[in-house]
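Structural overview for review
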Amino acid sequence: MEITLLQALGLGILAFFAGLDLFNGLTHFHRPVILGPLVGLILGDLHTGIITGGALELVWMGLAPLAGAQPPNVIIGTIVGTSFAIATGVDAAQAVAVAVPFAVAVQMGITFLFSAMSAVMSKCDVYAKNADTKGIERVNYLALLVLGTFYFLWAFLPVYFGADHAKGFVEMLPADLMSGLGIAGGMMPAIGFAVLMKIMLKNVYIPYFILGFIAAAWLEMPVLAIALGGLAIALIDFMKKPEVAENVQVKKEFEDGI
Amino acid sequence: MEITLLQALGLGILAFFAGLDLFNGLTHFHRPVILGPLVGLILGDLHTGIITGGALELVWMGLAPLAGAQPPNVIIGTIVGTSFAIATGVDAAQAVAVAVPFAVAVQMGITFLFSAMSAVMSKCDVYAKNADTKGIERVNYLALLVLGTFYFLWAFLPVYFGADHAKGFVEMLPADLMSGLGIAGGMMPAIGFAVLMKIMLKNVYIPYFILGFIAAAWLEMPVLAIALGGLAIALIDFMKKPEVAENVQVKKEFEDGI
Amino acid sequence: MEITLLQALGLGILAFFAGLDLFNGLTHFHRPVILGPLVGLILGDLHTGIITGGALELVWMGLAPLAGAQPPNVIIGTIVGTSFAIATGVDAAQAVAVAVPFAVAVQMGITFLFSAMSAVMSKCDVYAKNADTKGIERVNYLALLVLGTFYFLWAFLPVYFGADHAKGFVEMLPADLMSGLGIAGGMMPAIGFAVLMKIMLKNVYIPYFILGFIAAAWLEMPVLAIALGGLAIALIDFMKKPEVAENVQVKKEFEDGI
Amino acid sequence: MESNIKNTHSDDNISKDQDNSTIYEDQSVGVELTRKDINAMAWRSLLLQASFNYERMQAGGWLYGLLPALKKIHTNKSDLSKSMVGHMGLVNTHPFLVTFVMGIILAMERSKQDVTSITNTKIAVAAPLGGIGDAMFWLTLLPICGGIGASMALEGSIMGAVFFLVLFNVVHFGLRFGLAHFAYRMGVNAIPLIKANTKKVAHAASIVGLTVIGALVATYVRLTTTAEITAGQAVVKIQADVIDKLMPAFFPLIYTLLMYALVKKGWSPLKLISLTMVFGVAGKFAGIL
Amino acid sequence: MESNIKNTHSDDNISKDQDNSTIYEDQSVGVELTRKDINAMAWRSLLLQASFNYERMQAGGWLYGLLPALKKIHTNKSDLSKSMVGHMGLVNTHPFLVTFVMGIILAMERSKQDVTSITNTKIAVAAPLGGIGDAMFWLTLLPICGGIGASMALEGSIMGAVFFLVLFNVVHFGLRFGLAHFAYRMGVNAIPLIKANTKKVAHAASIVGLTVIGALVATYVRLTTTAEITAGQAVVKIQADVIDKLMPAFFPLIYTLLMYALVKKGWSPLKLISLTMVFGVAGKFAGIL
Amino acid sequence: MESNIKNTHSDDNISKDQDNSTIYEDQSVGVELTRKDINAMAWRSLLLQASFNYERMQAGGWLYGLLPALKKIHTNKSDLSKSMVGHMGLVNTHPFLVTFVMGIILAMERSKQDVTSITNTKIAVAAPLGGIGDAMFWLTLLPICGGIGASMALEGSIMGAVFFLVLFNVVHFGLRFGLAHFAYRMGVNAIPLIKANTKKVAHAASIVGLTVIGALVATYVRLTTTAEITAGQAVVKIQADVIDKLMPAFFPLIYTLLMYALVKKGWSPLKLISLTMVFGVAGKFAGIL
Ligand SMILES: OC[C@H]1O[C@H](O)[C@@H](O)[C@@H](O)[C@@H]1O
Ligand SMILES: OC[C@H]1O[C@H](O)[C@@H](O)[C@@H](O)[C@@H]1O
Ligand SMILES: OC[C@H]1O[C@H](O)[C@@H](O)[C@@H](O)[C@@H]1O
C-alpha cells in the first residue's frame, strides 16, 4: 500500500507530540501500545496498528530513559515499524527488525541533542542573574520546539520516502548486525544505572547495592519487594540514632555522678 | 437417625469442657481431630466422627483466637457439624456448610461475653484492694461456669431440636450467604493481628513488620523461619549496645587527655 | 586382570604425591576426576579410569578437609576403587562400595597421624628459641616424607595383595555396614564446621550463623550468594562506627555550649 | 520518629516517678519459693484466661495464678493488697509463655521491687511474647500437629487424634513448667540485670514479635478478589493480572491495616467481627469476593 | 571508609560556610502560596525536562516550574535573581516525584532560608528519588501496565490502549499533584526539622535508592554469552554450566560496573552508547553473544 | 552478652600488656622485601600444612613460609628467635588466603611491631579467613569445577581432567601470588591503620565467616531419618511429614551443634570421627537412618 504525503505528515506531527511526551507530559501515550493504534488510525488499518503496537510494547518493555541515558528510541521505532507493517503487510517480528536501526539512530541523535543543549545553559545563567523569568521560559519553549521538529523529521522522512524501500534496505544489512543491535539494546539500561550510581553511590551505600543485587539475582524478587526491603532497612537506620543520643545522655549523668 | 436426649446431653457436657479447653487448659482436645471422634463415640458412629473431625480440622486450620479475637467457633462448629453428618449421613463438605452459621453465631456470642465480662473487673479491684484472695478466685471459677454453660446450651439445643431440621434450615439460606461467611472466616485473623499490633506496634517496629511481610508474601518462607530471622536481627540489635558504651568510654579517656 | 608389582609400585608412588597434594601444593590433581585417569594410565585402561574417576568425583563432591577434620579419604578411595574397577571390570557403583572401607580406614589413619604429629611441635619450639631455621625446615620435610610413605603403603598393599580379593572381602561385609559408613561420610563435614565454630564463634556472631542457616535451609541460596550477603552486612557494620564518633563529637560541642 | 522519642521519655518518667504508694512497706526479702510453689503457679496458670475480657484481658487469671505465692511473700496484708491491685492491671500474653513472665515477676515480688517497676517489666515482657507465642504455637505448632493428625484421621485411623494430643501437649506442658522454673530461678539471680535490661529485652522481643506478625498477615489472612475487567474477548483478572504481579497478599495487608486503624479508633471486637462478616457476605453478593 | 569520612566533612563545610551572598536581603516570610499556586507549579512541572541536557540535566525545567511561585515570594528583584541563580545548578530526579522536592523547596524559599541550605536540601532529596522513582515507575509500574495493555492488544482489543493510559495516569497525576500539596504543607511546618534531618533523610533515601539499583542491574540489564568449550563430544556451555552456577546476572553486573567506571572517567553518554553498540555487534559477529 | 564483654576485655589486656620481651631490640625498619622475596614466600606457602597437627595446626608450615623473609628482616639473632617463637603459636587459615595474612604480617615484622600485636593481628585475620576460604574454595569453586569436569569425564573425555585442573589452578595460583603481593604492599603503607582496625576487620571477617558456616551446615551436612510412625494403614514419615515441614536441615543442625559441644568439651577429631561412624552404622542397623 502507498503512504500518502498527508499520512506521512500526520505521522510526523504524531511523532512531534509523542516525542515531547517521552520527556515532558509523560502521559506515556508515546508507548507502542497506544502509538501503534494511532499510527493505524492514520494509515487506515487500526487492527494491524493495535497488534503491532502490542508486540512492540513487549519488545521495549523495561526500556526507559534513566538518568537521561537513552535506550533505542521507542517512538520512531514504533512509528516506522508499524507503518512498515501496515504498508508491506509483514508480521510484527519483521517490523521490529526494520524498526531497530531507526530506533538506534534516533537514540544517538537525541543523546547528541542533549549534549548540544548544554551550550544554552550559560545563556540561562545570564537570564537568572537578571531575574529575567521570560528568558528562562523562552529557552524551555524553544528547546521543546527543536526536540519536536527533530522527531517530526525522523518520522516523516523515512516513512514518506523509506517505508517501501525499507524492506530492501534492511535485507541488505547483515542479520548479525541487526541482532547485534538488539543485544546492545538489552545492555543499554546499564548506562542509565551507571549514571545513577555516579550521582548516588558513596562507599557507605555499596553494601545496599549488593543486597539489592542478591535479592534480584538469586531470590528473583520483584523490584517492588526489594524496594520495600530497602525501605525497611533505611527506616531502621533512620530511627536508630536517638538511642545513641540517649547513651551519651546516660554518660552525662554518669559524669555528673563523679 | 434419631439423636436421643441422653446423647444430646452428652454432647452438651462435651461442649462444656471443650469450651473451657479453648481458653483454659488448652490441651486442645477441643480441636476437630479429637472432638470429632468423641462426638462419634457419643452418637455411636466412631468412624464417621473420625473422618468428619479430620475434614473439619483442615477447615479450621490456622484459625485460633489471637489477642482474644474470636474466629468462627471451632467447637460448636465441630459438634453440630459432626452430629449432623452422623445423623443425616451427608458427607463432610455439607456438614461444614451446616456447621458454619452456628460457628459464626457462637463466635459472636463469645465475643459478646468477653465484652460483658469487663463489668466484673471493678469487682475484682475491690477484692484486690482488700487483699481478698478468695474473692478473686470465686470470680474466676464463676466465669468458667458461665462460659461452660453457654457452650452447653449452644451444643445441646441445636443438636437436640435442630440436627434433623438443620438440613432444611441451611438449604433455605442462599448459597452466597454461606460462602460469604466462609470468606469472612478467612479474614477474621486480621482482627487478631490488628489487636496485637495495637498492643505492640510502635513506630520503631514498623520496619520489622515490613520485613516479616516481605519474607512471607514474596519469599513464601514459613513463619518459623521468619521468626528465627527476626530473632537473629533482634540479637544483633541486643548485643550491639556495649560498643557504644565502649565508645563513650573512649571519649572519656580522650577528654581526660585534654 | 592381574596387577603387576610394577603397576602396584606405580600406584603407590602416585598415592605418595597425591597424598601430599591433598594438604600441600593443593593443585588438586588428587581429585578423582584426575586421579582416575592417572590410575587408568598406569593400569593400561585409560577409558575406565576416566569414567570411574568421573563417578567418584561426584561421590566425593563437597567432601574436603575443613579445619583439619578428615572426610573419608578421597585418594585411597579413588586409587583402590579405580584399580578394582579396572581389575575386575565391575561398574563404578560397585567400585565405590569397595573403595569406602579403605577410604574410611585412611581417614582415621591420617587423623591419628595429625594427632601424633603434635608431639614434634615442642621440638620446633626449641628450634625456634635457638633461631635454628634449618631445624624448622627439616621437621616440615620429614613430616611430608612420613605422610607420603603412609599413603604409599595404603595404596600399594591393598592393590597388590588385595585388589582381586577385595571383591570377596567386601561381599563378606554386611551391606548395612557399608551404607552406614556412607551415611557417616555424609555427616563428616559437621566435624569440620564444629572445629571452625570453636575457633570463630563468639556470642555476638550467633545471629549471623542463624541468618546464614536460614538462607541456605529455607531459601536454598548457594553459598556464594550467602557469603556476599554476609559481606554486605559486615560492611554496613564496618562503616557504621564513624557516625558514633561523630555523635560523641556532637556531644562535645553540646557540652562546651554549657 | 517523634512518637518514638516521646514514648522513650514517657517510659523514663514512669520508671522515675517514685510515688511512695508503690513501695512495699516490708522490704525484707520474702521467703524462698519451693519447687512445689512454682509448680502450683504453673498449674493455676492453666486458668489464665478464666475471666478473660476485653477491658483487662488476662488480668483476672493472671492474678489467680500468682495468688498462693503472693500470699507467702507478702505476710503483711497492706503489701499483699498493694501487690494484688498492681496485678489487676491489663495484661495479655501467650498462655504457654505466661509462666515465663510469672516466674520473673514472682522473683521481683520476692525481692520486694517497687510495684511500678514490677508492672513495667510485666507489660514489657508479656506483650511481645503474645505475638511470638501466637506465631509459634497457634500458627505453627498447631497447624503442623493438626495437619498430620487430620491426614491420619482422613484415612480413618484414630491414631490421628492420639498422635495430635501427645505431640502437641508434650511441647505445651514441657514449656509451661520448664519456663516457670527457669524464669523464677533466673529472676532471683538477675533482678538488677532484669531491671536494667527490661527495656532492651522488651525491644528485642518486640522486634521478633512484629516480624512474625508481618509474616502472619501475609500467611493467614485470606482475602482475594474475583473481579475482572472484560473488554471484547480480552479479560483482565484483577487478582492474577494486577494484584499478584504487584504485591501478593496485598488485600490481606490492606484489610489488616484497616482493622488496625479501627482498633485504634476504639472499635470493639464485636463491631469488627460484624463488619468483617458484612464485608464478606456483601462482597460475595457483589461478586467481587 | 576514608571517602566516606571525607565527604561527611565536605558536607559540613558547605552547610557551615555562611557566605553572605547566599542570604536573602528581605528576610520577611514570603506571602502564603495558595492551592492555585501549588497546582500551577505541578502543571508546569510537566515541562521539567524541556531543556534537559547533560550539563545541568533538569535545571532549566526545574526553574521553569518554580518561577511563578518564586516571583510571588521574592518581591525584591535581587533576591529573585539570587534564588534563580541557585536553581540553575545541576539537578536530576524522577519527573513524577519532582513535585515532592519542589514543594519542600518552595516552603524553604518562602521562609527565606539561605540559598546554600536550600541547594543542599534540593540535591540531597532529589538525587536518590531519581533512582527510586525509576525503579518504581519506569521499571515496575510501566512494565506492569504495559504488559497488561499489550496482552489485551495482542488479542486485537483497543481496550488495551485505554486500560494502559488510564491505569498509568491515575497513578501519575495522583502522585504529581498529591505530592506537591503534601510536600509544601509539610515543608511549611517542618523547615527546622527538614534542615536538621536533610542529611538523615538523604541517607535513608540513598539506602533505598542503591538497594533498588542493585536489584535493577540484575533485573533489567540483559547480557549473556553463547560461548562454549567443546572437547570431543563433551560440551561446556559457559553461561549455563559455569556462570549461572556461580552467579546469575554476572555479566550484567560486570558490564554495569564497567559503564560506571567509564562514567566516572567522564565518558559522555554518546560514547557509552556507541561503545555498547560496537560491543553488542562485535560480540554477535564473534559469536560469543 | 557477658562472654562478649569479657572477651573484649581480655583482648584489651593482651594488647595493653607491654611485657618488654615482646619488643624487638633492633627497632630500625628492616630491609625492603623484593618481589622475589614475596614470591619465595608464596611458593613456600605451598607447604603450609606440611607438619599439620591438631595442637598447633598450621604453625610449623606457617613459620616455614616466613623464614627467608624473617632472616632478612631480623639481622639480630635474638630478635629472629623472638619472632620465630611467636610464629610457632597455633594458627589455622585457608591455604589459599594464607599469603594474604603472611603479607600483612611481614609488613608488620619489617616495621618491627611488637610481637604481641603481630600475633593478635595474625590470629584475628587468619581465623575467619579459614571459614570463608573453605566456603569459597572447598565448597563452591571445587564442586563447580569438579561437577563440570566429572560431567565431561562421564562422557569419556579426558578434557574433563584438563578443564578441571586448569580452571581450578588459575584461581588458586592467581590468588596465592596476587594476595601475597597485594597484602605486603598494603601492609607497608597501612600499619597504623591495620593496628587500629585489626579488631574491626576481624569483626567484619567473622561476620562473613559465621554467616557462611551457618549456610554450610545446612548445605553440606547430610543427615535425614527414615523413621516412620505407622498406625493402621496410616503412616507418618518423620522426615517428610514432620521435620521438613518444621525445619529443613534440622538434623544436620542438631548434629553439628552436638559436634560443637563435644569439640568444646575437648574431644579429639579421632574420637569425633569414630563416634560419627558408630552413629551412622548403628543408625543404619536400627533402620532409622
Ligand atoms: O533517573 C531520574 C531521571 O533522569 C532523567 O531525568 C530522565 O532519564 C528521567 O526519565 C529519569 O527518571
Ligand atoms: O495474643 C496472645 C493471646 O491473646 C489472648 O490471650 C488469646 O487470644 C490467646 O489465645 C492469645 O495467645
Ligand atoms: O578450615 C581452614 C583450613 O583448615 C585446615 O587447615 C585444613 O582443613 C584446610 O583444608 C582448611 O581450609
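Residues numbered from 1 in each chain as written. Chains lettered and ligands numbered in written order. Predicted model: local features only at pLDDT ≥ 70, side-chain atom pairs only at ≥ 80, totals over all residues. Heavy atoms only, no water.

**Notes on the overall build of chain D**
Going by this rule: By definition, any uninterrupted DSSP run of H or I lasting at least four residues is a helix, any uninterrupted run of E lasting at least two residues is a strand, and each is numbered from the N terminus. Throughout this description, buried means an accessible area under 20% of the type-specific maximum (1.4 Å probe, protein chains only), exposed means over 50%, and partly exposed covers the range between. The Shrake-Rupley method, run with a 1.4 Å probe sphere, supplies the accessible areas, and residue values consider only the shown protein chains as cover. The charge count treats Lys and Arg as positive and Asp and Glu as negative. His and the chain ends do not count. Note on charges: their place is set at NZ of Lys, CZ of Arg, CG of Asp or CD of Glu.
Counting secondary structure elements, chain D contains ten helices and two strands. Starting at the N terminus, the α and β elements of chain D follow one another as α-α-α-α-α-α-α-β-β-α-α-α. Dimensions of chain D, computed from C-alpha atoms along their principal axes, come out at roughly 85 × 55 × 30 Å. Residues counted as buried form 60% of the 289 residues belonging to chain D. Of the roughly 10,900 Å² of accessible surface on chain D, a fraction of 68% belongs to carbon and sulfur atoms. For chain D, the centre of its 25 positive side-chain charges and the centre of its 18 negative side-chain charges are spaced 3 Å apart.

**Side note on the site of ligand 3**
Counted only if it meets this: Distances are taken per atom, and a residue is near a molecule or strand as soon as one of its heavy atoms is within 4 Å of it. Distance and chemistry together define a polar contact, namely a pair of N or O atoms within 3.5 Å, with one atom able to donate a hydrogen and the other to accept it when in protein, and with adjacent residues in sequence counting only for side-chain atoms on both sides. Gly is placed with the polar residues, together with every amino acid not listed as nonpolar (Ala, Val, Leu, Ile, Met, Phe, Trp, Tyr, Cys and Pro) or charged (Asp, Glu, Lys and Arg).
As a structural note, the neighbourhood of ligand 3 is formed by 15 residues, with Gly68 of chain C together with Gln49, Gln58, Asn92 and Asp134 of chain F the closest of them. Of the chains in the model, those with residues near ligand 3 are chains C and F. A distance of 2.8 Å separates an oxygen atom of ligand 3 from a polar atom in the backbone of proline 65 of chain C. Measuring from an oxygen atom of ligand 3, one finds a side-chain N or O atom of tryptophan 138 of chain F at 2.9 Å. Protein contacts shield 99% of the accessible area of ligand 3, which totals 300 Å² for the unbound molecule. Tallied by class, the residues present in the shell around ligand 3 amount to seven nonpolar, seven polar and one charged.

**Focus: the pattern of salt bridges**
Heads up, the rule is: Throughout this description, the term salt bridge denotes a Lys or Arg side-chain nitrogen within 4 Å of a carboxyl oxygen of Asp or Glu.
Following the criterion strictly, the structure yields 27 salt bridges over all chains and no others. Between arginine 110 of chain F and glutamate 32 of chain F there is a salt bridge; the shortest N-O distance is 3.9 Å. With a gap of 78 residues between them, arginine 110 of chain F in helix α5 (residues 98-110) and glutamate 32 of chain F in the loop between α1 (2-16) and α2 (35-44) connect regions that are remote in the sequence. With relative accessibility at 44%, the residue glutamate 32 of chain F sits in the partly exposed group. A single network of salt bridges, built from pairs that share partners, joins Asp125 of chain A together with Glu55 and Arg56 of chain E.

**Points about the nonpolar core**
Worth spelling out the cut-off: Remark: nonpolar core denotes a set of buried residues (Ala, Val, Leu, Ile, Met, Phe, Trp, Tyr, Cys) joined through side-chain atoms within 4.5 Å. Pairs of residues are marked as contacts when any of their non-hydrogen atoms sit within 4.5 Å.
The biggest cluster of nonpolar side chains holds 547 residues, and the ones touching the most others in it are Phe193 of chain A, Phe193 of chain B, Phe193 of chain C together with Ile213 of chain D. A per-element tally of this core places helix α7 (residues 159-220) of chain D first, with 23 residues. Not counting the four nearest positions on each side in its chain, phenylalanine 193 of chain A is found in contact with Leu66 of chain A together with Leu139, Ile213, Leu216, Val217, Tyr220, Val221 and Thr256 of chain E.

**What to know about the site of ligand 1**
Neighbouring ligand 1 are 15 residues, the closest being Pro65 and Gly68 of chain A together with Gln49, Gln58 and Asp134 of chain E. Flanking ligand 1 are residues from chains A and E. Proline 65 of chain A places a polar main-chain atom, nitrogen or oxygen, 2.8 Å from an oxygen atom of ligand 1. At 2.5 Å from an oxygen atom of ligand 1 is found a side-chain nitrogen or oxygen belonging to glutamine 49 of chain E. Protein coverage of the free-state accessible area of ligand 1, which is 300 Å², stands at 99%. When residues in the shell around ligand 1 are grouped by element, the largest group, three residues, is from helix α6 (residues 115-154) of chain E. Considering only residue class, the shell around ligand 1 consists of seven nonpolar, seven polar and one charged.

**Remarks on the packing of helix α3 (residues 46-59) of chain C against helix α4 (residues 74-88) of chain C**
Residue and element names in this part refer to chain C. Our working rule: Only the contacting stretch of a helix is used when fitting its axis, a line to C-alpha atoms as for every element, and angles between N-to-C directions run 0 to 180 degrees. Angles are sorted into four bins: roughly parallel if under 35 degrees, roughly antiparallel if over 145, roughly perpendicular if 65 to 115, and oblique for all others. Rotating anticlockwise by less than a right angle from the far helix to the near helix defines a left-handed crossing, while the corresponding clockwise rotation defines a right-handed one.
It is at 10 Å that the axes of α3 and α4 come closest, and there the two elements cross at 135 degrees. Put simply, α3 runs oblique to α4. Where α3 crosses over α4, the handedness of that crossing is right-handed. Packed against α3, whose contacting residues are Thr48, Gly49, Thr52 and Leu56, the element α4 presents Gly77, Thr78, Thr82, Ala85 and Ile86 at the interface. Of the residues assigned to the contact of α3 with α4, the class counts are three nonpolar, six polar and no charged.

**A closer look at a nonpolar patch on the surface**
Condition: Here a patch means residues that are over 30% exposed by relative accessible area and free of salt bridges, tied together within 9 Å if like-charged and within 5 Å if nonpolar (Val, Leu, Ile, Met, Phe, Trp, Tyr).
There is a patch of nonpolar side chains on the surface, built from Leu41 and Leu46 of chain A together with Ile158, Met159, Val162, Leu165, Val166 and Val170 of chain E and spanning about 640 Å² of accessible area. In terms of residue count, helix α7 (residues 159-220) of chain E provides more of the nonpolar patch than any other element does, five residues in total. Here valine 170 of chain E is to be found in helix α7.

**So, the side chain of aspartate 37 of chain E**
Residues and elements named next belong to chain E. Of note, aspartate 37 is situated in helix α2 (residues 35-44). With a relative accessible area of 16%, aspartate 37 lands in the buried category. Those residues in contact with aspartate 37, other than ones at most four positions away along the chain, are Glu32 and Lys72.

**Comments concerning empty space enclosed by the protein**
Selection rule: Using a 1 Å grid laid over the protein atoms alone, points where a 1.4 Å probe fits but cannot get out form a cavity; open sets with protein on both sides within 12 Å along at least 5 of 7 lines form a pocket; any residue with an atom within 4 Å of a point counts as lining. Grid points are joined across faces, edges and corners, and a volume is the space filled by probe spheres set on the points.
Following the criterion strictly, the structure yields 19 cavities of 30 Å³ or more and no others. Estimates place the volume of the largest cavity at around 1,400 Å³. Contributing to the lining of the largest cavity are 48 residues, with Leu211 and Ile233 of chain A, Ile233 of chain B together with Leu211 and Ile233 of chain C lying nearest its centre. If you list the elements that add at least two residues to the lining of the largest cavity, you get α10 (206-217) and α11 (223-240) of chain A, α10 (206-217) and α11 (223-257) of chain B together with α10 (206-217) and α11 (223-257) of chain C. Tallied by class, residues from the lining of the largest cavity come to 30 nonpolar, twelve polar and six charged.

**What to know about the interface of chain E and chain A**
Rules: Accessible surface is computed with a 1.4 Å probe, and the buried area is the amount of it that two parts give up when combined, taken over both parts together.
Taken together, the contacts link 111 residues of chain E with 98 residues of chain A. Carbon and sulfur atoms make up 77% of the surface buried where chain E meets chain A, a total of about 9,300 Å² over both sides. Our enumeration of links across chain E and chain A arrives at two salt bridges. Ionic pairing is found between aspartate 125 of chain A and arginine 56 of chain E, a salt bridge with its closest N-O pair at 2.6 Å.

**Brief notes about the arrangement of the chains**
Where chain C comes nearest to chain D, the C-alpha atoms are still 13 Å apart, and the two do not contact one another. A minimum C-alpha distance of 13 Å separates chain A and chain F, which share no contact.

**Focus: unusual backbone geometry**
Residue and element names in this part refer to chain C. With a phi angle near 55 degrees, leucine 26 is a residue other than glycine that sits in the positive phi range. Looking at the secondary structure, you find leucine 26 in the loop between α1 (5-23) and α2 (32-43). What makes leucine 26 buried here is its relative accessible area of 1%.

**So, the packing of α2 of chain F against helix α7 (residues 159-220) of chain F**
Residue and element names in this part refer to chain F. In the contact formed by α2 and α7, the axes pass within 10 Å of each other and the chain directions differ by 135 degrees. As the angle between them shows, α2 and α7 are arranged oblique. You can see that α2 and α7 cross each other, and the crossing is right-handed. On α7, the residues that touch Arg35, Ile38, Asn39, Met41, Ala42 and Trp43 of α2 are Phe173, Arg176, Phe177, Ala180, His181, Tyr184 and Arg185. Tallied by class, the residues present in the contact of α2 with α7 amount to eight nonpolar, two polar and three charged.

**What to know about the packing of aromatic side chains**
Using the following cut-off: Aromatic rings from Phe, Tyr and Trp, with only the six-membered ring used for Trp, were paired whenever their centres fell within 6.5 Å, and each pair was classed as stacked if the ring planes differed by under 30 degrees, edge-to-face if by over 60, and tilted otherwise. The rule for a charge over a ring is simple: NZ of Lys or CZ of Arg within 6 Å of the ring centre, and within 35 degrees of the ring normal.
With the rule as written, the count across this model stands at 66 aromatic pairs over all chains. Arranged with centres 6.3 Å apart and planes meeting at 85 degrees, the rings of phenylalanine 213 of chain C and tryptophan 218 of chain C form a pair that is edge-to-face. As far as the burial class goes, phenylalanine 213 of chain C and tryptophan 218 of chain C line up, both buried. Taken together, the aromatic side chains of Phe96, Phe137, Trp138, Phe164 and Phe168 of chain D make up a single cluster linked through ring pairs. Positioned above the aromatic ring of tryptophan 267 of chain D, the side-chain terminus of lysine 271 of chain D is 4.4 Å from the ring centre.

**Looking at the confidence of the model for chain D**
All names here are of chain D. Condition: The quantity known as pLDDT measures the predictor's confidence residue by residue, on a range of 0 to 100.
Here chain D averages 87 in pLDDT, while 92% of its residues score no lower than 70. Scored below 50 in pLDDT, residues 1-19 shows 19 contacts in the model against residues more than four places distant or in partner chains. Of the two predicted TM-score estimates for the complex, the pTM is 0.85 and the ipTM is 0.85.

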